[in-house]
Amino acid sequence: MAGKRRRNNRALLTMAAFAGLCQSAPAAIIGTCTITIGTSGTMTANPTIGILGSTQAGGQSAGATITANSGLCSLLNLLDCYSVSAPAPAAFTSSPSGGGTNVTFATAYRLDSGVSTPGSTTQKLANGTHTVQVDLTATKSSGIFPAGNYQGMVTVLCE
């Protein structure tokens, strides 16, 4: 009888250990991801004043530095790393009267001076320090942007 109990205990222990290895852990990133804001961007108007954007002549991308450090990313060969994205805002943070109506926003970012990526698209980050340049474009579907000061804020995400 004692022999059977040992085998059953070993079988249970083996199944418990296996079950522990098979459980998913979607939020198991152990580490840090720090975003340091660098330069503010500048949006300028196109000749017809229907687009304001940092990629227009005289505009400037905003800049930031991201430092990712995930122990699991290193141990599991980049299996569980952080991702970066920069989705478009829903509205200007400030604009003159009528400046924020009939406007759509689009963002793009470049990671480590690479190719331009749509803001809502995520890219995996390897451990280390990375530079990111972010562009914001506001397009008025009808009319022109009235004169005045405009401010838009893009949130860079590291998750």
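Residues numbered from 1 in each chain as written. Predicted model: local features only at pLDDT ≥ 70, side-chain atom pairs only at ≥ 80, totals over all residues. Heavy atoms only, no water.

**Describing the packing of aromatic side chains**
Applying the stated criterion across every chain, the model contains 4 aromatic pairs. Where phenylalanine 92 meets phenylalanine 105, the ring centres are 4.9 Å apart and the plane angle is 85 degrees; that geometry is what we call edge-to-face. Within this pair, whereas phenylalanine 92 is found in the loop between strand E5 (82-85) and strand E6 (103-111), its partner phenylalanine 105 is found in strand E6, the two being separated by 13 residues in sequence. Assigned by exposure class, phenylalanine 92 and phenylalanine 105 land together as buried. A centroid spacing of 5.6 Å and a plane angle of 85 degrees characterise the contact between phenylalanine 145 and tyrosine 150, whose relative ring orientation is edge-to-face. The buried category is assigned to phenylalanine 145, whose relative accessible area is 4%. A cation over an aromatic ring shows up here: lysine 140 above the ring of phenylalanine 145, its NZ or CZ 5.6 Å from the ring centre. (Phe/Tyr/Trp six-rings, centres within 6.5 Å; stacked < 30°, edge-to-face > 60°. Helix = DSSP H or I, 4+ residues; strand = E, 2+ residues; numbered from the N terminus. Buried < 20%, exposed > 50% of the residue type's maximum accessible area, 1.4 Å probe, protein only. Lys NZ or Arg CZ within 6 Å of the ring centre and 35° of its normal.)

**Points about the pattern of salt bridges**
Side-chain pairing between opposite charges can occur once the charged atoms of the two side chains come close. Taken as a whole and judged by the stated rule, the model has 1 salt bridge. Residue arginine 110 is joined to aspartate 135 by a salt bridge in which the shortest nitrogen-to-oxygen separation is 2.7 Å. Here aspartate 135 lies in strand E9 (residues 128-140) and arginine 110 lies in strand E6, a separation of 25 residues in the sequence. (Salt bridge = Lys/Arg side-chain N within 4 Å of Asp/Glu carboxyl O.)

**Here we look at the sheet that holds E5**
Pairing in this open sheet of 3 strands is antiparallel, and the strands run E8-E5-E10 from one edge to the other. With partners counted over all chains shown, the strands left at the sheet margins are strand E8 (123-125) and strand E10 (157-158), one partner each. With 2 bridges connecting them, E5 and E10 associate as antiparallel partners. Bridged to serine 85 within E10 is leucine 157. (Pairing = 2+ DSSP bridges.)

**As for the side chain of threonine 107**
Among the secondary structure elements, threonine 107 is positioned in strand E6. In this view, threonine 107 contacts Ala86, Pro87, Ala88, Pro89, Thr117, Pro118, Gly119, Asp135, Leu136 and Val154; residues no more than four positions away in its chain are not counted. (Contact = heavy atoms within 4.5 Å.)

**Focus: the state of the cysteines**
A full pass over the atoms with the stated rule returns 1 disulfide. With a sulfur-sulfur separation of 1.7 Å, cysteine 33 is cross-linked through a disulfide to cysteine 158. In this structure, the disulfide formed by cysteine 33 and cysteine 158 twists by about 95 degrees around the S-S bond and is classed as right-handed. You can see cysteine 33 sitting in strand E1 (residues 31-37) and its partner cysteine 158 sitting in strand E10, a full 125 residues away along the chain. Using a relative accessible area of 21% as the deciding quantity, one classes cysteine 33 as partly exposed. The buried category is assigned to cysteine 158, whose relative accessible area is 19%. (Disulfide = S-S within 2.5 Å.)

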